[in-house]
Amino acid sequence: MRKKERYEKVIAWFQENVPVAETELHYNNPFELLISVILSAQCTDKRVNMITPPLFHDFPTPEALAASTPEVIFEYIRSVSYPNNKAKHLVGMAKMLVKDFNSEVPGTLEELVKLPGVGRKTANVIQSVVFNKAAMAVDTHVFRVSHRIGLVGANHTTPFSVEKELMKNIPEKLVPIAHHWLILHGRYVCQARTPKCDTCGLQMMCKYFQEAKIK
């Protein structure tokens, strides 16, 4: 199957079978989403959603969070991965929002990656979810699923390389939802250790499944 055909078939399947796909993080505004995405690094959305309600309640604004300390924030987020670093990042991020961005979450990659705790992947999530921009955040799920299906080749060995290849082949208007299609498919179907190939609707388009069937 040629690459163009594979992309067309995969996109068509998702459009028909997963017409609604969105982040599973709970948030009420861009500031809360930014906090959640920083906390979600190497941690499950489920865990993040469990701990954020008290945090959001007690620190509802960048000013409130900026006035706190990493030691205080640590007590709210101690059950996530790397809580020490993330507590420092959250307070630092809030201080920079207040000082440099008029307490508003910025909308460009260049501005977002200046914030403590925000790398390219986090910045792309914010751009995509908050601002509906054509930004593809490549996490472990997107990386794995893209390779398995055959949307990217084995030569694409970095998240940035995968991001560029996906952006090149997915229509711009579909990039925001495609990001969630791939994440959710990796989270619930194309899992790392035990992919549910037998019940996957992408069997006929999937390189991994076809190769496994030949073996």
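Being a predicted model, the structure only gives us computed values, none of them experimental.

With that settled, consider the overall build of the protein chain. Within the protein chain, the secondary structure is distributed over 12 helices and 0 strands. The secondary structure elements of the protein chain, listed N-terminal to C-terminal, are α-α-α-α-α-α-α-α-α-α-α-α. Its C-alpha radius of gyration of 18 Å places the protein chain within 12% of the 17 Å reference for a compact globule of 215 residues. Considered along the principal axes of its C-alpha atoms, the protein chain spans approximately 60 × 30 × 30 Å. Among the 215 residues that make up the protein chain, the fraction classed as buried is 47%.

What follows deals with the packing of aromatic side chains. All chains considered together, the criterion is met by 3 aromatic pairs. The interplanar angle of 75° and the centroid separation of 5.2 Å between the aromatic rings of tryptophan 13 and phenylalanine 14 together place this pair among those described as edge-to-face. For phenylalanine 14, a relative accessible area of 2% translates into the label buried. Three or more aromatic residues joined by ring pairs form one cluster here, namely Trp13, Phe14 and Trp181. It is lysine 133 that lies over the ring of phenylalanine 131; its NZ or CZ is 5.9 Å from the centre.

Once that is clear, we can look at helix 1 (residues 3-17). In this model, helix 1 (15 residues) spans 21 Å end to end at C-alpha, consistent with the 21 Å of a helix rising 1.5 Å per residue. Buried within helix 1 are the following residues: Arg6, Tyr7, Val10, Ile11 and Phe14. Projected onto a plane normal to the axis of helix 1, the buried residues spread over an arc of 120° and lie on a single side. Exposed and oriented more than 90 degrees from the buried face of helix 1 are Lys4 and Glu16.

With that out of the way, let us pick up the environment of glycine 117. Tracing the chain through its elements places glycine 117 in the loop between helix 7 (109-112) and helix 8 (120-129). Between the C-alpha atom of glycine 117 and that of valine 37, which follows or precedes it by 80 residues, the distance is 9.4 Å.

Attention shifts here to the UniProt feature "domain: HhH-GPD" (unreviewed entry) in the protein chain. The UniProt record annotates "domain: HhH-GPD" (unreviewed entry) at residues 39-188. End C-alpha atoms of residues 39-188 are separated by 21 Å, and the span's content is 63% helix alongside 0% strand.

The next point concerns the packing of helix 2 (residues 30-39) against helix 8. Taken N-terminus to C-terminus, the directions of helix 2 and helix 8 make an angle of 145°; their axes are 10 Å apart at the nearest point. The crossing of helix 2 and helix 8 is right-handed. For the pair helix 2 and helix 8, contact is made by Leu33, Leu34, Val37 and Ile38 and by Thr122, Val125, Ile126 and Val129, respectively.

A separate point is the pattern of salt bridges. All chains considered together, the criterion is met by 9 salt bridges. With a closest N to O distance of 2.7 Å, lysine 4 and glutamate 8 form a salt bridge. Residue lysine 4 and its partner glutamate 8 are located together in helix 1, separated by 4 residues, close to a single helical turn. On the basis of relative accessibility, which here comes to 55%, the residue lysine 4 falls in the exposed class. A relative accessible area of 44% places glutamate 8 in the partly exposed class.

Along its sequence, the protein chain is carved into domain 1 (1-19 + 134-211) and domain 2 (28-129). Just the C-alpha atoms count here: the centres of domain 1 and domain 2 sit 28 Å apart. Counting residues at the interface gives 11 residues for domain 1 and 8 residues for domain 2. For the pair domain 1 and domain 2, the summed buried area comes to about 710 Å², and 55% of that belongs to carbon and sulfur atoms.

Thresholds applied
- Residues numbered from 1 in each chain as written.
- Predicted model: local features only at pLDDT ≥ 70, side-chain atom pairs only at ≥ 80, totals over all residues.
- Heavy atoms only, no water.
- Helix = DSSP H or I, 4+ residues; strand = E, 2+ residues; numbered from the N terminus.
- Rg over C-alpha atoms; globule rule 2.2 N^0.38 Å.
- Buried < 20%, exposed > 50% of the residue type's maximum accessible area, 1.4 Å probe, protein only.
- Phe/Tyr/Trp six-rings, centres within 6.5 Å; stacked < 30°, edge-to-face > 60°.
- Lys NZ or Arg CZ within 6 Å of the ring centre and 35° of its normal.
- Expected span 1.5 Å × (residues − 1).
- Arc of directions from axis to C-beta.
- UniProt positions renumbered as here; feature names shortened; annotations may be inferred.
- Axes fitted to C-alpha atoms, helices over the stretch in contact; angles between N-to-C directions.
- Left-handed = near helix turned anticlockwise from the far one by under 90°.
- Contact = heavy atoms within 4.5 Å.
- Salt bridge = Lys/Arg side-chain N within 4 Å of Asp/Glu carboxyl O.
- Domains from an automatic or database assignment.
- Buried area = accessible area lost by both parts, 1.4 Å probe.

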